[in-house]
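Structural description and commentary
Now for the letters of each chain:
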Amino acid sequence: MRTHIDIELQQLAEVLMSNKVGGVVAIDPKTGGILTMVSGPNYNPNDLSGSEGSKNFSRMQLDVSGPMLNRAIAGRYEPGSTYKPLGALIALNEKVITSSWGYPCGGRYTLCGHGKPECTHKGGGHAANVRLAIANSCNAYFAHIYRLTVDNPRYKNVYEGYLHWKEYMNAFGLGVRLGVDLPNENTGGIPDTVVYNRENAGHWNSCTNLTLGIGQDKMQTTPLQMANAMCVIANKGYYYTPHFVKEIEGETERDQEKLGRFSERHDVLTNIPDVVFNEVIEGMSDVVKVGTAQGAQIQGVEVCAKTGTAENYTILDRQRVKLPNNSMFVCFAPKENPRIAIAVFVQNAGFGATWAAPIARILLEKYLLDTLTAKSKLDSARIAGTNLMPSYFKRLQYKEDSIRAFKWFQVTKDSSYIDRFSQINVPDYSLPHPHNNKTNHNLPVWMSILSAALLPKSNFENLHSYTA
Ligand SMILES: [Zn+2]
């Protein structure tokens with residue numbers, strides 16, 4: 001059996017994602033072939049065989065960091081601003097805006113009465129047309145064009161308008177299962193009107209869920225879905241079902257049947273004129289040239305991309321705790337005749353431009369140029385050597401384990417497990433923050449050396465106002 005996996009790219013992506021929670025997916029838009037898929041934290045498949053196999057399996061199943069969950073296909077994330085190119089495409093195609101339409105954003109969206117969402121930019125015409133709005137990731141602009149889309153007078157009411165918008169989402173492969181050749185793919189979530197009706201006693205309008213326009217509210221996607229959505233834009237309207245298997249030696253008729261569906265082209269949005277796609281593609285190119293992801297520039301390659309940063313909360317000890325933001329990046333390249341589309345999601349890592357964007361750039365360089373620039377080698381070492389595992393996992397693990405021990409005691413009166421917990425100190429309840437860690441010994445030598453050299457600079461968080 002042969003797969004589409006590019007082994008060197010795969011290994012590089014695994015190294016970059018070590019000690020991180022999230023997912024990376026790279027697809028060849030021309031075939032739907034999956035070039036790379038990584039889910040973090042990872043585990044060594046060898047640990048599951050041999051004499052320790054079943055013990056390791058139990059341990060991994062109880063591990064709160066979820067090493068056995070393939071987050072690339074089953075991690076549900078708000079796409080945040082990585083959704084915006086899709087929103088622009090829909091609004092342009094629905095003719096509720098033109099490409100030169102602008103929004104006078106003064107730093108927040110005021111037309112729903114609560115001044116939200118806020119924008120990281122103020123004035124200066126940062127959303128004076130669709131390309132600028134994408135490049136600067138203006139929240140007010142995208143919240144408004146979402147509203148224009150679902151309030152389109154062509155439809156009877158907002159409910160109908162919303163369902164029409166949802167059809168676009170499904171066409172992009174969001175909120176549906178794509179059919180990758182792996183089990184347990186998640187559908188993500190694009191809610192039906194039923195959900196909003198139920199929550200709002202049947203009365204809601206486009207202000208109720210306006211943050212759908214910036215990839216939030218109840219929108220949930222997987223890294224696989226966002227990489228595939230990039231393929232749709234790169235191909236100007238179609239995709240092939242993402243898949244690993246390229247061919248099976250001595251193919252039987254049954255194999256052919258199974259593989260046949262992967263060569264079927266899905267013309268989901270080819271009805272949208274190329275000029276509309278081109279506007280969005282130019283905007284995504286501007287993101288890298290002059291916008292929020294200039295760190296993703298590659299000499300001689302025109303990269304089209306969008307950054308994303310999403311807020312993140314969890315319930316810990318019955319309190320709602322704000323975690324560091326999720327860092328996201330979606331892209332395809334080159335602009336003409338794209339050969340690769342990538343989605344990178346890193347949980348609790350901070351701004352999209354700080355972690356996810358350089359990971360994607362390094363992978364693009366490796367795949368398109370077959371080499372890494374000096375800057376990318378340095379970045380690789382920095383990223384691979386940085387531990388972004390959320391620190392609250394420790395606290396959570398302690399809680400889960402001790403509750404389990406207590407339940408065991410209740411049932412069996414065997415106190416040996418619970419005794420263990422009375423002897424260890426409760427890990428302190430410090431708020432999670434990314435921290436650097438010792439050198440990872442699985443790294444290539446040059447990376448280990450560079451990581452060690454770089455480690456004293458512990459804070460790589462970029463404090464510039466990178467947008468969403
Ligand atoms: Zn703005």
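Residues numbered from 1 in each chain as written. Predicted model: local features only at pLDDT ≥ 70, side-chain atom pairs only at ≥ 80, totals over all residues.

Points about the overall build of the chain
Cut-off, in case you're wondering: Helical segments are the DSSP runs of H or I of at least four residues, strand segments are the runs of E of at least two, and each set is numbered from the N terminus. Residue burial here comes from a neighbour count, namely the number of other C-beta atoms, placed from the backbone, that lie within 10 Å of the residue's own C-beta, with 20 or more meaning buried, 12 or fewer meaning exposed, and in between meaning partly exposed. Throughout, a residue-residue contact means that the two C-beta atoms, derived from backbone geometry, are no farther apart than 7 Å.
Helix and strand content of the chain: 16 helices and eleven strands. Across the 468 residues of the chain, 46% fall into the buried class. A fraction of 72% describes how many contacts in the chain between residues 6 or more apart in sequence connect residues 24 or more apart.

Some remarks on the sheet that holds strand β8 (residues 319–333)
The condition is simple: Only when DSSP finds a minimum of two bridges between them are two strands counted as paired. Note on method: axes are straight lines fitted to C-alpha atoms, helices fitted across the in-contact stretch only, with angles between N-to-C directions ranging 0 to 180 degrees.
What the five strands build is an open sheet, ordered β3-β2-β9-β8-β7; its pairing is antiparallel. Of all the strands in the sheet, the pair left with one neighbour each is β3 (33–40) and β7 (304–316). Direction aside, neighbouring strands of the sheet carry axes that sit 10 degrees apart on average. Sheet topology places β8 next to strand β9 (residues 340–346); seven bridges connect them, and they run antiparallel. For Ser327, the partnering residue across the bridge sits in β9 and is Val346.

Describing the packing of helix α12 (residues 356–369) against helix α13 (residues 374–384)
Between two packed helices, the angle of one axis relative to the other and the distance separating the axes together describe the packing. The condition that has to hold: With respect to orientation, any angle under 35 degrees is reported as roughly parallel, any angle over 145 as roughly antiparallel, any angle of 65 to 115 as roughly perpendicular, and every other angle as oblique. Each crossing gets its handedness from the near helix: less than a right angle anticlockwise from the far helix is left-handed, clockwise is right-handed. Residues are sorted three ways: Asp, Glu, Lys and Arg are charged, Ala, Val, Leu, Ile, Met, Phe, Trp, Tyr, Cys and Pro are nonpolar, and all the rest, Gly among them, are polar.
At a minimum axis distance of 10 Å, the contact between α12 and α13 shows a crossing angle of 130 degrees. One finds that α12 runs oblique with respect to α13. Of the two possible hands of crossing, α12 and α13 adopt the one that is left-handed. Seen from α12, the contacting residues are Pro358, Ile359, Arg361, Ile362 and Glu365; seen from α13, they are Ser376, Asp379, Ser380 and Ile383. Here the contact of α12 with α13 is composed, by residue class, of four nonpolar, two polar and three charged.

A closer look at the pairing of β7
Successive side chains on a regular strand alternate, one facing one side of the sheet and the next facing the other. Bridging between β7 and β8 involves twelve bridges; their strand directions are antiparallel. What sits directly across from Ala310, in β8, is Asn326. Two successive antiparallel strands, β7 and β8, enclose a turn made up of two residues, where Asp317 displays a positive phi of approximately 50 degrees.

Some details on the nonpolar core
Let me state the cut-off plainly: Throughout this description, the term nonpolar core refers to a group of buried Ala, Val, Leu, Ile, Met, Phe, Trp, Tyr and Cys residues whose C-beta atoms join them within 7 Å.
Formed by 117 residues in total, the largest nonpolar core has its most connected members in Met230 and Cys331. In terms of residues, this core owes the most to one element, helix α9 (residues 223–234), which gives nine residues. Not counting the four nearest positions on each side in its chain, Cys331 is found in contact with Met230, Ala296, Val303, Cys304, Ala305, Ile342 and Ala360.

Notes on the pairing of β3
Burial of β3 is extensive: eight of the eight residues sit out of reach of the surface. The sheet contact formed by strand β2 (residues 22–28) and β3 spans seven bridges and is antiparallel. Within β3, the position partnered with Gly23 by the bridge is Ser39. Here β2 hands over to β3 after four residues, with Gly32 in that stretch at a positive phi of 80 degrees.

What to know about the environment of Thr314
Within the secondary structure layout, Thr314 lies in strand β7. Taking the C-beta count within 10 Å as the criterion, Thr314 has 14 such neighbours and is therefore assigned partly exposed. Expressed as a C-alpha distance, the spacing of Thr314 and Tyr392, which sit 78 residues apart in the sequence, is 9.6 Å. Apart from residues no more than four positions distant in its own chain, Thr314 is found in contact with Val321, Leu323 and Tyr392.

A short note on the environment of Met17
Examined against the element boundaries, Met17 turns out to sit in the loop between α1 (7–16) and β2. Using a count of 25 C-beta atoms within 10 Å as the deciding quantity, one classes Met17 as buried. For Met17 and Ile383, which are 366 residues apart along the polypeptide, the C-alpha to C-alpha distance reads 8.0 Å.

Considering the packing of helix α4 (residues 84–93) against helix α11 (residues 274–289)
Relative to each other, α4 and α11 sit at 150 degrees, their axes nearing to 9 Å. In terms of their interaxial angle, α4 and α11 are classed as roughly antiparallel. In the packing of α4 onto α11, the handedness of the crossing is right-handed. Contact residues: Pro85, Ala88, Leu89, Leu92 and Asn93 in α4; Val276, Phe277, Glu279, Val280, Gly283 and Met284 in α11. Here the residues of the contact of α4 with α11 are counted per class, giving eight nonpolar, two polar and one charged.

Focus: unusual backbone geometry
Each neighbour pair has its own omega, and for Lys116 with Pro117 the value is 0 degrees, a cis peptide bond. For Pro117, the position within the fold is in the loop between α4 and α5 (130–136). With an omega dihedral of -15 degrees, the bond running from Ala333 to Pro334 counts as a cis peptide bond. By the secondary structure assignment, Pro334 is in the loop between β8 and β9. With phi around 50 degrees, Ala201 is a residue other than glycine that occupies positive phi space. Note on placement: Ala201 falls in the loop between α8 (193–199) and α9.

Brief notes about the confidence of the model for the chain
We apply this condition: Confidence of the predictor in every single residue is expressed as pLDDT, which spans 0 to 100.
Taken residue by residue, the chain gives an average pLDDT of 88. The fraction at 70 or more is 90%. Here residues 450–468 is a poorly scored stretch, pLDDT under 50, and it has 42 contacts once near neighbours within four places are set aside; other chains count.

Re the environment of Leu111
Summarising the element assignment, Leu111 is placed in the loop between α4 and α5. Leu111 sits in the partly exposed class, given 14 other C-beta atoms within 10 Å. Considered as a pair, Leu111 and His144 are 33 residues apart in the sequence and their alpha carbons are 8.3 Å apart.

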